[in-house]
Amino acid sequence: QKEVEQDPGPLSVPEGAIVSLNCTYSNSAFQYFMWYRQYSRKGPELLMYTYSSGNKEDGRFTAQVDKSSKYISLFIRDSQPSDSATYLCAMSTINTDKLIFGTGTRLQVFP
Amino acid sequence: GAVVSQHPSWVICKSGTSVKIECRSLDFQATTMFWYRQFPKQSLMLMATSNEGSKATYEQGVEKDKFLINHASLTLSTLTVTSAHPEDSSFYICSARVSSGNTIYFGEGSWLTVV
């Protein structure tokens, strides 16, 4: 079993839809949770950073962490074609710098 | 957000030659930098972790003599692919951890093609 599981997609939605992206993990020691967006042939861009459980909102993006279920989510409201990219979840424990990545979910938002 | 710059963005080299890729944190100090490679439609694979002023820690299966990493200052780390072969062709990405926190930012990546 991989430490972090993420559906690779692709996920195709119409413009304006609410998108839900998810990851599950097995290591209960993970405390830091991140979502990155990666456009084709570019480096990942940090979208959201969360410590421990709870919700965090930034504009159209909301990150949720449910440590009891070992489940994290990224919601994108009012999705735009420019949101089309691969979304990677990543996480780490409190005493290491190493990020463990999901495989990434490819999102396509069509006009 | 913080800026991490990689150079070159893309490079083509002949088989057997060496290529150096630079990773710079432009507006923050980074005691720790990471090097990844990514194959098409796959996730990032951590190659090594470099700490300023000390030897890099390589992940299992990564040849340290082939992928030389130097982290000479708090804002610069370099990856040198020595005696490159076509199978080394890949997308190489660096990231840097902000010294004062836990946030990690990525560079734009460097495309290496070995012919």
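Placed above this text is the structure.
Just so you know, these numbers come straight off a predicted model, no measurement behind them.

Tell me about unusual backbone geometry, residues and numbers included.
The linkage connecting Gly9 of chain A with the following residue, Pro10 of chain A, adopts the cis geometry, with an omega of 10 degrees. For Pro10 of chain A, the location among the structural elements is in the loop between strand E1 (4-5) and strand E2 (11-14). His7 of chain B connects to Pro8 of chain B through a cis peptide bond whose omega is 5 degrees. Within the secondary structure, Pro8 of chain B is located in the loop between strand E1 (4-7) and strand E2 (10-13).

An account of the packing of aromatic side chains is needed here, citing residue identities and associated values.
Residue and element names in this part refer to chain B. Enumeration over the complete set of coordinates arrives at twelve aromatic pairs over all chains. Summarising the aromatic geometry, the rings of Tyr36 and Phe106 are spaced 5.5 Å apart at their centres and angled 45 degrees between planes, so their arrangement reads as tilted. In this pair, Tyr36 is assigned in strand E4 (residues 32-38) and Phe106 in strand E10 (residues 104-106), connecting sequence segments 70 residues apart. A single burial state applies to Tyr36 and to Phe106, both of which are buried. An angle of 40 degrees between the planes, with centres 6.3 Å apart, marks the rings of Phe67 and Tyr92 as tilted. Of this pair, Phe67 sits in strand E7 (residues 67-73) while Tyr92 sits in strand E9 (residues 90-97); the two residues are 25 residues apart in sequence, bridging distant segments of the chain. Accessibility expressed as a relative area gives 0% for Tyr92, which makes it buried.

Please give an account of the interface of chain B and chain A that cites residues and values.
Facing 20 residues of chain B, the contacting portion of chain A comprises 16 residues. The contact between chain B and chain A buries some 1600 Å² in all, and 57% of this surface belongs to carbon and sulfur atoms. Counting across the chain B and chain A interface gives two salt bridges. For Glu108 of chain B, the salt bridge is made with Lys42 of chain A, and the minimal N-O distance between the two is 3.7 Å. Inspection of the region where chain B meets chain A yields five residue pairs in polar contact (both at pLDDT 80 or more). Going through the elements one at a time, E4, strand E5 (45-51), E9 and E10 of chain B are the ones with two or more residues in the side of chain B that touches chain A. The element contributing the most residues to the side of chain B that touches chain A is E4 of chain B, with four residues. Of the residues belonging to the side of chain B that touches chain A, the class tally is ten nonpolar, seven polar and three charged.

The rules behind each value
Residues numbered from 1 in each chain as written. Chains lettered and ligands numbered in written order. Predicted model: local features only at pLDDT ≥ 70, side-chain atom pairs only at ≥ 80, totals over all residues. Heavy atoms only, no water. Helix = DSSP H or I, 4+ residues; strand = E, 2+ residues; numbered from the N terminus. Phe/Tyr/Trp six-rings, centres within 6.5 Å; stacked < 30°, edge-to-face > 60°. Buried < 20%, exposed > 50% of the residue type's maximum accessible area, 1.4 Å probe, protein only. Contact = heavy atoms within 4.5 Å. Buried area = accessible area lost by both parts, 1.4 Å probe. Salt bridge = Lys/Arg side-chain N within 4 Å of Asp/Glu carboxyl O. Polar contact = N/O pair within 3.5 Å; in protein donor to acceptor, adjacent residues only side chain to side chain. Nonpolar A, V, L, I, M, F, W, Y, C, P; charged D, E, K, R; others polar.

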